[in-house]
Amino acid sequence: MSKNKKTNNKSKVIIPIAVIALLFLGIGVGMGYFKKNLYTVMKVPDFELTDQNNKKITNRDMLGKVYLVEFFFSKCPTICPVMNTNMKAIQNQINDPNFGIISISIDPVNDTPQALKEHAQRIGAQSPNWHFLTGDRTYIGNLADQFNIYVGDKEDEGESLNHSGMIALVDQEGNIRCRYNKENMPILYYSGLNYEDPEGKTPKLTGRYHPDREILIEDIKKLLK
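Residues numbered from 1 in each chain as written. Predicted model: local features only at pLDDT ≥ 70, side-chain atom pairs only at ≥ 80, totals over all residues. Heavy atoms only, no water.

In a pair of packed helices, the angle between the axes and the distance between the axes together describe the arrangement. Following both chains from N to C, one finds helix α2 (residues 79-94) and helix α5 (residues 211-224) inclined at 40°, their axes separated by 10 Å at the closest point. Looking at the two axes, α2 sits oblique to α5. The handedness of the crossing between α2 and α5 comes out as right-handed. In contact with N86, A89, I90, Q93 and I94 of α2, α5 contributes R213, L216, I217, I220, K221 and L224. The class makeup of the residues in the contact of α2 with α5 is seven nonpolar, two polar and two charged. (Axes fitted to C-alpha atoms, helices over the stretch in contact; angles between N-to-C directions. Helix = DSSP H or I, 4+ residues; strand = E, 2+ residues; numbered from the N terminus. Parallel < 35°, antiparallel > 145°, perpendicular 65-115°, else oblique. Left-handed = near helix turned anticlockwise from the far one by under 90°. Contact = heavy atoms within 4.5 Å. Nonpolar A, V, L, I, M, F, W, Y, C, P; charged D, E, K, R; others polar.)

Below, the structure written as structure tokens:
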């Protein structure tokens, strides 16, 4: 075999190997990107509601802060205490003046500013940026629709106080953000619930696992950098 033919054969072997190596490098970089970067879901909907201190709070007031948004009500006997507990744990872990929480009541008839102030004190909400908001129920229902977070129909007596345990993460520019799952798909919202398994597959009120709380803390810290 001539020297030129040997050289050509080597080139044919080396080129595919190089292509495969670049492919795997690209996959590795892509995976790193999904792990480090957060997806932009949409702009946070405009809102204006009254907090526990009788102060009007709007989405514009929250610009410059990383914050969470949840829908709840103070007399809720099921998932709300769990969500509040997880929010409090996040509050204590982050402890940053540029971090806040927006807790919007879906039961404004009972959740007056005074009632929400007592609720905030009862659960240990210490951050001045944790706002418990109340207002018109129809407005709040429409706002939940804009967030794409489920809240029961006000006109349906059996459903009116039902709601999702999902939490929105908002960045300092007012964008709803989220991380990617293992399949590199955006999760859109985080769960405020507890689970009986560390993977977060089976929700349970008394569950000792809260995987989304942990990843929320990680992602809040990313946005605060």
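From this point, the narrative continues.
Side chains N175 and R177 of strand β8 (residues 175-178) all project onto a buried face; the interleaved residues I176 and C178 project onto the opposite face, where all are buried too. Two elements, strand β1 (residues 39-43) and β8, share four bridges in a ladder whose sense is antiparallel. Looking at β8, one finds that Y39 is bridged to C178. Bridge count for strand β7 (residues 166-170) against β8 is two bridges, and the pairing is antiparallel. (Buried < 20%, exposed > 50% of the residue type's maximum accessible area, 1.4 Å probe, protein only. Pairing = 2+ DSSP bridges.)

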